Amino acid sequence: MSEKLVFDAPEIMIDRPTHYCPGCHHGVAHRLVGEVLTEMGLVDDTLCVGSIGCSVFIYNYLDVDAVEAPHGRAPAVATGLKRAHKDKFVFTYQGDGDLASIGLAEIVHAANRGEKISVVFVNNTVYGMTGGQMAPTTLVGQKSTTCPDGRCADEHGQAIRMSEIIGGLGGTAYCERVSLDSVKNIRRAKKALRKAFEMQINGTGFGFVEMLSACPTNWKMDPVSANTRITEEMIPYFPLGVFKDVTKDGEE
């Protein structure tokens, strides 16, 4: 009896164990990026810019040329790479602590300038690598090591909605928020990545995809409960959908 292979990893994925915790969605995000780069024939022409945080080790798992940026500066580094190598496909891979806190100025100005780069933003509402501190995206009431009683709106403000900000900037060509909590949403996330990547390939402009992701370790949950939290708590506050698409809005 012969066996038929029906599911396999794209060749761009390096065959090695990851350092991610059980239930972490970074591995899913890596696979989606790898699949889209492979299907679009971009692997040999890709430059990846890694950020600081759990996301920094993406270059250990995707077989592409990569640069590690200082904390929050991935969009600035990507800007330089793209302007110097216009024939390359350049993307950043960033977490919420990196992008929405220390890197807020970099991401806003890169988007507003309409830099022809792509940004993959993984939002798990917490600083993951450094031990679970409150991030700009931490929800009101969510507990962390730096707000053990839960985020207080009066003291800390509301969680920042990055896709709404990026989608409102003039230089943004495509902006969508997706989630990695279900098969349906993962398939939608892949389509969003392809659309954002096409914006760069076609010379249209800046592409941004936010992925709602789980961090079971710092949320102190099992993976199933963490998925449920995305569905019941995160998505109502961070609604899924396209926030800007110049190819449909007539702005191209």
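Residues numbered from 1 in each chain as written. Predicted model: local features only at pLDDT ≥ 70, side-chain atom pairs only at ≥ 80, totals over all residues. Heavy atoms only, no water.

Going by an unreviewed UniProt entry, the chain carries the name 2-oxoglutarate oxidoreductase and comes from Halodesulfovibrio spirochaetisodalis.

Engineer: Any chance you could explain the UniProt feature "domain: Thiamine pyrophosphate enzyme TPP-binding" (unreviewed entry) in the chain here in plain terms?
Structural biologist: Mapped onto this numbering, the UniProt entry annotates "domain: Thiamine pyrophosphate enzyme TPP-binding" (unreviewed entry) at residues 58-205. The span residues 58-205 shows a helical share of 39% and a strand share of 17%, and its end C-alpha atoms are spaced 24 Å apart. (UniProt positions renumbered as here; feature names shortened; annotations may be inferred. Helix = DSSP H or I, 4+ residues; strand = E, 2+ residues; numbered from the N terminus.)

Engineer: For this particular structure, what's the right way to read the pattern of salt bridges?
Structural biologist: Once their charged atoms are close, side chains differing in charge can pair, the charge on each being opposite to the other. Enumeration over the complete set of coordinates arrives at 13 salt bridges. Across the pair R194 and E39 runs a salt bridge, and its minimum N-O distance is 3.2 Å. With a gap of 155 residues between them, R194 in helix α7 (residues 183-201) and E39 in helix α1 (residues 26-39) connect regions that are remote in the sequence. Its relative accessible area of 29% is what places R194 among the partly exposed residues. (Salt bridge = Lys/Arg side-chain N within 4 Å of Asp/Glu carboxyl O. Buried < 20%, exposed > 50% of the residue type's maximum accessible area, 1.4 Å probe, protein only.)

Engineer: How should I be thinking about helix α9 (residues 223-237) in this particular structure?
Structural biologist: Given 3.6 residues per turn, any residue in an α-helix points the same way as the ones three and four places further on. For α9, built from 15 residues, the straight-helix expectation of 21 Å at 1.5 Å per residue is met to within 8% by its first-to-last C-alpha distance of 20 Å. Where α9 bends most, at I230, the angle is about 35°. Considered for burial, the residues of α9 that qualify are A226, R229, I230, M234, I235 and Y237. Elements that come into contact with the buried residues of α9 comprise β4 (118-123), β5 (172-179), α7, β6 (206-212) and α8 (216-219). Its side-chain oxygen 3.0 Å from the backbone nitrogen of V224, D222 forms the N-cap of α9. (Expected span 1.5 Å × (residues − 1). Bend = angle between axes of the 7 residues up to and from the residue. Contact = heavy atoms within 4.5 Å. Polar contact = N/O pair within 3.5 Å; in protein donor to acceptor, adjacent residues only side chain to side chain.)

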